[in-house]
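Given next are the chains, with one letter for each unit.
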Amino acid sequence: MTTPDPVAAADAVVAAVDPTLTSPGVRSTDAVLVTGPWLAGVSSLAAALRSRLPEVTFVEADELAVGTAPRAVVFAVSAAAPVTPSDCELLDLAAAHTDGVVGVVTKTDAHHDWREVLATDRDLLAAHRPRYTRLPWVGAAAAPDAGDPAVDQLVDLLRGLLSDPDLLRRNRLRAWESQLDKVITRYRADGDGADRQARVSTLRSQRDDIRRGRRLEKSQRTIALRSQVQQARVQLAYFARNRCASVRGELQEDITGLGRRRFAAFEDGARRRAAEVMAEVDEGVTTHLTAVAADLHLDAVPAPDGPAAVPDLPGPPLRSRRLETRLMMLLGAGFGLGVALAVSRLFTGVAPGLTVAGVLAGAAAGLAVAVWVVGIRGLLHDRGVLDRWVVDLTAALRSAAEEAVATRVVAAEAALTGSLAADEAAESETAAGRIAEIDAELREHAAATVRAAALRDRRLPGLLRARDAVRAALDDDFCGELTDASERNSGKTVGY
Ligand SMILES: Nc1nc2c(ncn2[C@@H]2O[C@H](COP(=O)(O)OP(=O)(O)OP(=O)(O)O)[C@@H](O)[C@H]2O)c(=O)[nH]1
Ligand SMILES: [Mg+2]
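Definitions and limits used
- Residues numbered from 1 in each chain as written.
- Chains lettered and ligands numbered in written order.
- Predicted model: local features only at pLDDT ≥ 70, side-chain atom pairs only at ≥ 80, totals over all residues.
- Heavy atoms only, no water.
- Pairing = 2+ DSSP bridges.
- Helix = DSSP H or I, 4+ residues; strand = E, 2+ residues; numbered from the N terminus.
- Axes fitted to C-alpha atoms, helices over the stretch in contact; angles between N-to-C directions.
- Contact = heavy atoms within 4.5 Å.
- Expected span 1.5 Å × (residues − 1).
- Buried < 20%, exposed > 50% of the residue type's maximum accessible area, 1.4 Å probe, protein only.
- Arc of directions from axis to C-beta.
- Near = heavy atom within 4 Å.
- Polar contact = N/O pair within 3.5 Å; in protein donor to acceptor, adjacent residues only side chain to side chain.
- Areas by Shrake-Rupley, 256 points an atom, 1.4 Å probe, with all protein chains shown as cover.
- Nonpolar A, V, L, I, M, F, W, Y, C, P; charged D, E, K, R; others polar.
- Core = buried A, V, L, I, M, F, W, Y, C linked by side-chain atoms within 4.5 Å.
- Left-handed = near helix turned anticlockwise from the far one by under 90°.
- Salt bridge = Lys/Arg side-chain N within 4 Å of Asp/Glu carboxyl O.
- Right-handed = clockwise from strand over helix to strand, strands pointing away.
- Patch = residues over 30% accessible without salt bridge, like charges linked within 9 Å, V, L, I, M, F, W, Y side chains within 5 Å.
- Lys, Arg positive; Asp, Glu negative; His and termini not counted.
- Domains from an automatic or database assignment.

Here's the deal with the sheet that holds strand β3 (residues 58-60)
Piece 1. Pairing is parallel across the open sheet formed by 5 strands, whose spatial order is β3-β2-β5-β6-β7. The sheet terminates laterally at β3 and β7 (137-139), the two strands that pair on one side only. Strand after strand, the sheet turns through a mean of 25° between neighbouring axes, direction not considered.
Piece 2. The sheet contacts of helix α3 (residues 85-94) involve β2 (32-35), β5 (72-78) and β6 (101-106), and relative to β5 the element is tilted by about 165°.
Piece 3. Across the face of the sheet, helix α5 (residues 152-163) comes into contact with β2, β3, β5, β6 and β7 while running at roughly 175° to β6.

Some words on helix α4 (residues 114-128)
Piece 1. The end-to-end C-alpha distance of α4, which contains 15 residues, comes to 20 Å, matching closely the 21 Å that a straight helix rising 1.5 Å per residue would cover.
Piece 2. All buried positions along α4 are accounted for by Trp-114, Val-117, Leu-118, Asp-121 and Leu-125. Within α4, the buried residues cover an arc of 100° as seen down the axis, which keeps them to one side. Structural note: α4 exposes Arg-115, Glu-116, Asp-123 and Ala-127 on the side pointing more than 90 degrees away from its buried face.
Piece 3. For α4, the secondary structure elements touched by its buried residues are β5, α3, β6 and β7.

Here we look at the site of ligand 1
Piece 1. Taken together, 15 residues are adjacent to ligand 1, and Leu-39, Val-42, Ser-43, Ser-44 and Asp-109 come closest.
Piece 2. Contact between ligand 1 and Asp-109: a nitrogen atom at 2.8 Å from a side-chain N or O atom of the residue.
Piece 3. A total of 640 Å² of accessible area belongs to ligand 1 in isolation, and the protein chains cover 68% of it.
Piece 4. Partitioned by chemical class, the residues of the shell around ligand 1 number 9 nonpolar, 3 polar and 3 charged.

Quick look at the nonpolar core
Piece 1. With 40 residues, the main nonpolar core has Phe-266, Val-281, Leu-386, Trp-389, Val-405 and Leu-416 as its most contacted residues.
Piece 2. Of the residues forming this core, the biggest block, 15 residues, is contributed by helix α10 (residues 355-489).
Piece 3. Residues in contact with Leu-416, not counting those within four places in the same chain, are Leu-225, Val-229, Val-292, Ala-293, Leu-298, Asp-299 and Val-301.
Piece 4. Counting 27 residues, the second largest nonpolar core, distinct from the first, contains Val-42, Ala-72, Leu-157 and Leu-158.

Details of the environment of Gln-252
Piece 1. Mapped onto the elements, Gln-252 comes out in helix α7 (residues 194-256).
Piece 2. In the structure, Gln-252 is positioned 19 residues away from Arg-271 in sequence and 14 Å away in space, judged by C-alpha atoms.
Piece 3. Beyond its immediate stretch of four places on either side in the chain, Gln-252 contacts Asp-387, Val-390 and Val-391.

Quick notes on the packing of helix α1 (residues 6-15) against helix α6 (residues 167-192)
Piece 1. At a minimum axis separation of 8 Å, α1 and α6 run at an interaxial angle of 35°. Where α1 crosses over α6, the handedness of that crossing is right-handed. In this structure, α1 contributes Pro-6, Val-7, Ala-9, Ala-10, Asp-11, Val-13 and Val-14 to the contact, and α6 contributes Leu-168, Arg-169, Arg-172, Leu-173 and Trp-176.
Piece 2. A per-class count over the contact of α1 with α6 returns 9 nonpolar, no polar and 3 charged.

Describing the pattern of salt bridges
Piece 1. Overall, the coordinates contain 34 salt bridges when judged by the stated rule.
Piece 2. Between Asp-92 and Arg-129 there is a salt bridge whose closest N-O contact spans 3.1 Å. Of this pair, Asp-92 sits in helix α3 while Arg-129 is found in the loop between α4 and β7, placing the two residues 37 residues apart along the sequence.
Piece 3. We classify Asp-92 as buried; its relative accessible area is 16%.
Piece 4. A relative accessible area of 38% means that Arg-129 is categorised as partly exposed.
Piece 5. Salt-bridge contacts for Arg-207 lead to Asp-439; the nearest nitrogen and oxygen are separated by 2.6 Å. Taken together, the positions of Arg-207 in helix α7 and Asp-439 in helix α10 put the pair 232 residues apart, joining distant regions of the chain.
Piece 6. What makes Arg-207 buried here is its relative accessible area of 17%.
Piece 7. One network of salt bridges, in which partners are shared, links Asp-99, Arg-134, Asp-164, Arg-170, Arg-174, Glu-177, Asp-181, Arg-467 and Arg-471.

A few points about α1
Piece 1. By the burial criterion, the buried members of α1 are Pro-6, Ala-9, Ala-10, Asp-11 and Val-14.
Piece 2. Its side-chain oxygen at 3.2 Å from the backbone nitrogen of Val-7, Asp-5 defines the N-terminal cap of α1.

A closer look at the pairing of β2
Piece 1. Here β2 shows two buried faces, one formed by Val-32 and Val-34 and the other by Leu-33 and Thr-35.
Piece 2. Two strands pair when backbone bridges link them, and β2 and β3 are joined in this way by 3 bridges, in the parallel orientation. If you follow Val-32 over to β3, its bridge partner there is Phe-58.
Piece 3. Regarding topology, helix α2 (residues 42-52) serves as the crossover connection from β2 to the parallel β3, and that connection is right-handed.

What to know about a nonpolar patch on the surface
Piece 1. Side chains of Trp-372, Ile-376 and Leu-380 sit close together on the surface and give an oily, nonpolar patch of about 330 Å² of accessible area.
Piece 2. When you line up the elements, Ile-376 lands in helix α10.

Some words on the side chain of Arg-383
Piece 1. Topologically, Arg-383 is positioned in helix α10.
Piece 2. In this structure Arg-383 is buried but unpaired, with Asp-382 as the nearest side chain of opposite charge at 9.0 Å.
Piece 3. Not counting chain neighbours up to four residues away, the residues in contact with Arg-383 comprise Ile-255, Thr-256, Gly-257, Leu-258 and Phe-263.

Overview of the domain arrangement of the protein
Piece 1. Per the domain assignment, the segments of the protein are domain 1 (6-192) and domain 2 (202-453).
Piece 2. If you average the C-alpha positions of domain 1 and of domain 2, the two centres end up 97 Å apart.

Here it is, written out as structure tokens:
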């Protein structure tokens, strides 16, 4: 017994379980959809069917309006090869809201083994979904290479299907089943947080990356600072020692050709050079520490209050050599006396009358030699004194320069460490802010998933019951259909 309004009858099955479910949200059309995989012969079949059944509207997939369900589906597959999994999915999509489906193996004129292919297709689709076990199958040749189109069996089958008074109710039930399936799947996915899972994983890994990045960056920057400061200490101390050594060399070289009159100027020059070296070391330290700060992306190291102090050494002790002077005068006098005696003896031996002249000449020569020896010895002594003074001066300069380097590097280390700590604090705050944002979003996702799970638990039992009722109604029809068919045709089925 059939209900007068097939759609209302199908809707009543669902409403009996859950009265809030009023419509599957699909609009039915009277058109018959002819579809199939690429190059299956769909267009040829649609054209052949249009000419054989002009009272029926046949459409291909791209002609069917979105959100509408066809009255019946003709699923065409070529006899060239059995269906593939993607072909099965194509049928799932086409027949989602339509129960009346006919399977057609096309191009039977060109493939003589089409019956085997048809049997394989039937088995494959039945294995794919239980609902396809009752799919009627026929062979057709809509555009044969020779002769007229052979679509008689298909036309008969379609006529029978379209005239079935229960088709609309079954189609509606199928639409309900698909929609309920879709809603159940969505509730389950929402309740499991499946669609949020990717975002949640991304957020968690972002949070871990931020934490790991902060730890790594912090230790890397601290290590870099220590190593750069250490390098600066070693390099700048070497630079200071090097400058002092080269100044000492220059000054000592100057001493070798130095006359007594230029002693005072030399001393002033040496003190000026010492001041220059201190200024150079100071500038070298500033340049190096500025580069270190820039390299570490930190604030520049503050300049010292004033230039480094130049060591103040007393002048060379050129005059305090009384004992030595006396000794030298004594030796010079002895040397001069010897020369005087030798000269006077020389004159006495040449002519007795020249004795007096010889004594006078000897005395003059002796005196000249004595003065020269004393003078030269004094000059050499003073140069020696100057040399030692230069050594003392550069040693004092070196220790002053080293001390200046050490002091400034220590001050720079303190300043850079402070600046690094300030930077770290700012960056940690930024990272903490970002982590707080991520945590807030994660909490939001967790709360939304809990809400979705609650909704799923509330809605799912009713939806499952409704779907079971729909399936039961479809299965009852199927069993009844099989009995009717066997009674009606007594074995004369076409394609079943
Ligand atoms: N031998 C033979 N060839 C056919 C038959 N039906 C279609 N063909 C050929 O198969 C090819 C594809 O036919 P179509 O009807 O355009 O197939 P289709 O599925 O619409 O193709 P697409 O829309 O391009 O996917 C054409 O070259 C047709 O001539 C048939 O029954 N027998
Ligand atoms: Mg086509």
